[in-house]
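Structural overview for review
Here is what each chain is made of, one letter per residue.
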Amino acid sequence: MDLHVRYEGDDDPKKCTARKLARFDMAELHRSARATPFGLVLNPHADTALSPADAEYSTLVALDCSWETAGRAMFEMAGEHRALPFLVAANPVNYGTPFELNTAEAFAGALCILGEREHAERVLSKFTWGHTFLELNEEPLRRYAACADSSEVVEVQQEYLDAGEDA
C-alpha cells in the first residue's frame with residue numbers, strides 16, 4: 001500500500017514522523033490538497049470507521065499537522081474518509097493518550113487493521129518507540145483486523161471506551 005501525507009509543516013521538524021518516513025522513501029509528502037492523491041483518507045472526523053473491508057484501496061493518506069490545527073476543514077481532501085478506532089499513542093509527546101496518534105502511528109494502526117502488519121512493522125521500525133505502539137495496541141489491533149466491516153469495528157471500539165469509563 002502506498003503511503004501519502006498531506007503535509008502542513010507546522011510541527012517541530014525534528015519530531016515530525018511524516019518527514020522521517022519520507023526521508024526513508026516510505027511515504028510521499030504533498031504540500032496541497034490538490035497534489036494529494038485520491039485514496040483512503042485517515043480522518044478523525046469521518047463518519048465511518050476504518051475496517052478490513054477497506055483493504056481494496058492501494059493508497060493510504062494521512063494529514064500531518066499540529067493537533068491544535070487539526071480541525072474538520074483541514075481534512076477536506078479527495079478520497080474515502082475513514083476514522084481510526086480507539087488506539088493509544090506510544091510516541092513520547094502523547095504517550096498513553098487515546099486517539100492522539102502521530103502520522104507514523106496512524107499509518108501503522110491503519111495498516112494493521114487492513115491486514116498489512118509487516119508493512120506497519122517496517123513503518124514503526126524507524127522510531128525507537130515504534131514497537132511500543134504495537135505492544136500497547138496489540139489486542140485492539142488484532143480484534144479490529146478480525147472485523148468484517150465498519151459497524152463491527154465500532155462495536156469493538158465501544159468495548160474499550162466503556163472499559164475506560166469504568167476505570
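See the structure above.
Residues numbered from 1 in each chain as written. Predicted model: local features only at pLDDT ≥ 70, side-chain atom pairs only at ≥ 80, totals over all residues. Heavy atoms only, no water.

1. A closer look at the environment of Arg 19
Note the threshold: Helix numbers and strand numbers start at the N terminus; a helix is a DSSP run of H or I with at least 4 residues, a strand a run of E with at least 2. Working definition: with a 1.4 Å probe on protein chains only, accessible area under 20% of the residue-type maximum means buried, over 50% means exposed, and in between means partly exposed. Residues are treated as being in contact if the distance between any of their heavy atoms lies within 4.5 Å.
Along the chain, Arg 19 turns up in helix α1 (residues 17–23). Residue Arg 19 is classed as partly exposed on the basis of its relative accessible area of 31%. Sequence-wise, Arg 19 and Val 5 are 14 residues apart; in three dimensions their C-alpha atoms are separated by 9.2 Å. Sequence-distant contacts of Arg 19, that is, excluding residues within four places in its chain, are made with Tyr 7, Pro 13 and Leu 29.

2. Some words on the packing of aromatic side chains
The condition that has to hold: Pairing of aromatic rings covers Phe, Tyr and the six-membered ring of Trp, with a centre-to-centre limit of 6.5 Å; geometry is then stacked below 30 degrees between planes, edge-to-face above 60, and tilted otherwise.
Per the stated rule, a full pass over the model turns up 4 aromatic pairs. For the ring pair Phe 86 and Tyr 160, a centre distance of 5.9 Å and an interplane angle of 5 degrees mean the geometry is stacked. Taken together, the residues span a long stretch of sequence, with Phe 86 in the loop between β5 (80–82) and α2 (103–113) and Tyr 160 in helix α6 (residues 150–166) at a distance of 74 residues. On the accessibility criterion, Phe 86 (14% relative accessible area) is buried. Accessibility expressed as a relative area gives 16% for Tyr 160, which makes it buried. Both rings, one in Tyr 144 and one in Tyr 160, keep their centres 6.4 Å apart while their planes meet at 70 degrees; by these two values the pair is edge-to-face. Residue Tyr 144 is found in helix α5 (residues 138–145), and its partner Tyr 160 is found in helix α6; the two are separated by 16 residues along the sequence. Assigned by exposure class, Tyr 144 and Tyr 160 land together as buried.

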